[in-house]
Amino acid sequence: MNENLNDTQNITPEKTPVNFIKEIINNDLLTAKYGGRVHTRFPPEPNGYLHIGHAKSICLNYGIAKDYNGKFNLRFDDTNPSKEDQEYVDSIIEDVKWLGADFEDRLFFGSDYFDQMFNWAILLIEKGKAYVDDLSAEEIRQHRGTLTEPGKNSPYRDRPVADNLDLFHRMKNGEFKNGEKVLRAKIDMASPNINLRDPIMYRIIHDSHHRTGDNWCIYPTYDWAHGLEDSIENITHSICTLEFENHRPLYDWFLDELGIYHPQQIEFARLNLNYTIMSKRKLLQLVEEKHVSAWDDPRMPTISGLRRRGYTPSSIRNFAERIGVAKRDNVIDVALLEHSIREELNKTAKRVMAVLNPLKVIITNYPENGVEEVHAVNNPEDLSMGARPLPFSREILIEQDDFMENPPPKYFRLTPGGEVRLRYAYIIKCEEVIKDQDGNILELHCTYDPDTKSGTGTKNKKVKGTIHWVSLPYSIRAEVRLYDRLFTNEAPDSDKGKSFLDFLNPDSLRILRDCRLESSLASAQVNERYQFERLGYFCLDNKDSSPNKLVFNRTVSLKDTFKLPPK
RNA sequence: UGCCGGAUCGUCUAAUGGUAGGACAGCGGCCUUUGGAGCCGUAUGUAGAGGUUCAAAUCCUCUUCCGGCAGCCA
């Protein structure tokens, strides 16, 4: 029996896996919990640049809105002026747009709701559910108890409503210094959930806010503000990371006490990538201590870094799709990220010739000033991208790595007396190795076989290897920056005894200043990606490149299965 | 030893009582004028022990391990 019957009739449609969040939404849709609406949001605090972990959240939230024909908001959770900055607001908007998460006209700021929040706080005070506390930060900490012991009530907990109202207004009016008073929710100092032990709603911060200026000196805390923001914006599913799971009872408590519209908070596991760090604080440290050039250094896992490195929005979206969404802690192999960009660029990037570490080759039997055009395909994966002529000449440059005087077995490239094909051109044979007094190789003298021109039909001659090259007189110069992982350790920030800085890879950036490219690259554009044949994918650096000094970044190398045997 | 979560190939992630599958990584092979790409093959993976059931990754019980929480950060 043939078990591989080509039974096209019974092909079951591929079930697209539904993650647990979509299951919840599907169920809410079934029960019409939110009247069939789906409305998500991405709520960054503008205190740093977005990174690939945020991209996961953006793609999740935007993707859900899109899949369900719903809406997606970008909302800044800007409740702490001491850490926030307009620079971060600007970069975040740029990055979210670049990723393709379309928030249309729904760009919001938590700070725009400060008045409403203030009024709601008064409502809670009037209900006897909030009070002004005079305890210091230290005293509050001591009263909070521990993980295993209940806390103690503040002596100010039972202040009369009128006093609370008066004090709270005076807090707002700037009568007190930072830390002198706070507004607290009156819940339960003995709760096993520490977040419910009379959490702080407002603290006094005499700082200028990047949007509200000096209008306020009291600012809402995350726990108080977040659910209100979601409620005001009519969010249906408020998706956040796992560390807020313990805060959900508080999220619910505020909304229920206020009796206002109540979105549902759902928590998922944040993205972790091996060989990288994701903490905003530590990324900031890398920038401030100049271990990298800036937030958009191509070695950074920031969106702006990945963009500068040459990643495309779609490759990041595909990555986010592939890694899935669940509640278990996870560490994604950075190789999967690299796979996502290779996969796309293989299909879309124009192939070009570039020699990073040039070695001069003189083809001695080629005419002195002869030039001819060879025919190079722009993308063998997509012939519609056409072809281009490439000048071939007597003097060419090849990669230093593509010649070895004493080659190991299985080395398919040029060797003394050996033959190799020049991509799109001829088979050449190495006749002589020219060296200086110290034995350094200066140039190679080769001969070519005129009968082996590429595309002229098969010849008897077969060679194992094909190498890339550029014509010496017809090539242009460029700087090329090669990147490697920033850290040498899989989990740089989880070593108890060492700092993540101890694992910084000293070779994460290699700058090659005398590379030679085919001349068509003179008109390269920032948004174009190229495959330098046999080397990897490259793009123009969006900051440092200029027409008279081209700078290319290597996005990712090609997978290379050849390994030099260990010496 | 408080509370809340979690545990499926190396890494992610499916299977929602009915054949444990996919992707990435790895390994082997084919093919190749990019040692790229592509194609084919390749897994002693359900934390452990009991139980329910014709049937358990899935339901129940117990155990083990991992993560989060004691900011006037988010």
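Just so you know, these numbers come straight off a predicted model, no measurement behind them.

**Notes on the domain arrangement of chain A**
Under the domain assignment, chain A is made up of domain 1 (20-268), domain 2 (280-350 + 478-556) and domain 3 (354-468). Between the C-alpha centres of domain 1 and domain 2 there is a distance of 34 Å. Listed per partner, the contact involves 24 residues of domain 1 and 25 residues of domain 2. Run the count over domain 1 and domain 2 and you get four salt bridges. One salt bridge in this structure joins D95 and R307, with 2.9 Å as the shortest N-O distance. Connecting domain 1 to domain 2 are seven residue pairs in polar contact (both at pLDDT 80 or more). For the side of domain 1 that touches domain 2, the elements supplying multiple residues, two or more each, are α1 (20-30), α2 (52-67), α3 (86-99) and β9 (264-268). Take the side of domain 1 that touches domain 2: its biggest share by element is six residues, from α2. Split by residue class, the side of domain 1 that touches domain 2 holds 13 nonpolar, five polar and six charged.

**Some words on the side chain of N330**
Examined against the element boundaries, N330 turns out to sit in the loop between α11 (313-323) and α12 (334-348). Among the polar contacts made by the side chain of N330, one reaches the main-chain carbonyl oxygen of R328 at a distance of 3.4 Å.

**Considering the sheet that holds strand β2 (residues 71-76)**
Strand order in the open sheet formed by three strands is β1-β2-β3, and the pairing between neighbours is parallel. The open sheet has two edge strands, β1 (39-42) and β3 (107-109), and neither has a second partner. Averaged over all adjacent pairs, the angle separating strand axes in this sheet is 35°, with direction ignored. Relative to β3, β2 runs parallel, the two being bridged by three bridges. Counterpart to F76 in the pairing with β3 is F109. Strand contacts of α3: β1, β2 and β3, with the helix running at about 160° to β2, the strand carrying the most contacts.

**A short note on the side chain of S545**
For S545, the location among the structural elements is in the loop between β24 (536-540) and β25 (551-557). Within the structure, the side chain of S545 is placed 2.9 Å from the backbone nitrogen of V551, a separation counted as a polar contact. S545 has contacts with L540, L550 and V551, leaving out every residue within four places of it along the chain.

**Examining the layout of surface pockets**
Size it by volume and the second largest pocket reaches roughly 1,200 Å³. Lining of the second largest pocket is provided by 42 residues; of these, H54, T241, E243, F244 and R270 occupy positions nearest its centre. Those elements that place two or more of their residues in the lining of the second largest pocket are β1, α2, α7 (222-232), β8 (237-241) and α9 (280-288). Among the elements that make up the lining of the second largest pocket, the one with the highest residue count is α2 (four residues). Considering only residue class, the lining of the second largest pocket consists of 15 nonpolar, 15 polar and 12 charged. Here the lining of the second largest pocket spans two domains, and each of domain 1 (20-268) and domain 2 (280-350 + 478-556) adds at least three residues to it.

Reading the values: the criteria
- Residues numbered from 1 in each chain as written.
- Chains lettered and ligands numbered in written order.
- Predicted model: local features only at pLDDT ≥ 70, side-chain atom pairs only at ≥ 80, totals over all residues.
- Heavy atoms only, no water.
- Domains from an automatic or database assignment.
- Contact = heavy atoms within 4.5 Å.
- Salt bridge = Lys/Arg side-chain N within 4 Å of Asp/Glu carboxyl O.
- Polar contact = N/O pair within 3.5 Å; in protein donor to acceptor, adjacent residues only side chain to side chain.
- Helix = DSSP H or I, 4+ residues; strand = E, 2+ residues; numbered from the N terminus.
- Nonpolar A, V, L, I, M, F, W, Y, C, P; charged D, E, K, R; others polar.
- Pairing = 2+ DSSP bridges.
- Axes fitted to C-alpha atoms, helices over the stretch in contact; angles between N-to-C directions.
- 1 Å grid on protein atoms, 1.4 Å probe; cavity = no way out; pocket = protein on both sides within 12 Å on 5 of 7 lines; lining within 4 Å.
- Points joined across faces, edges and corners; volume = space filled by probe spheres on them.

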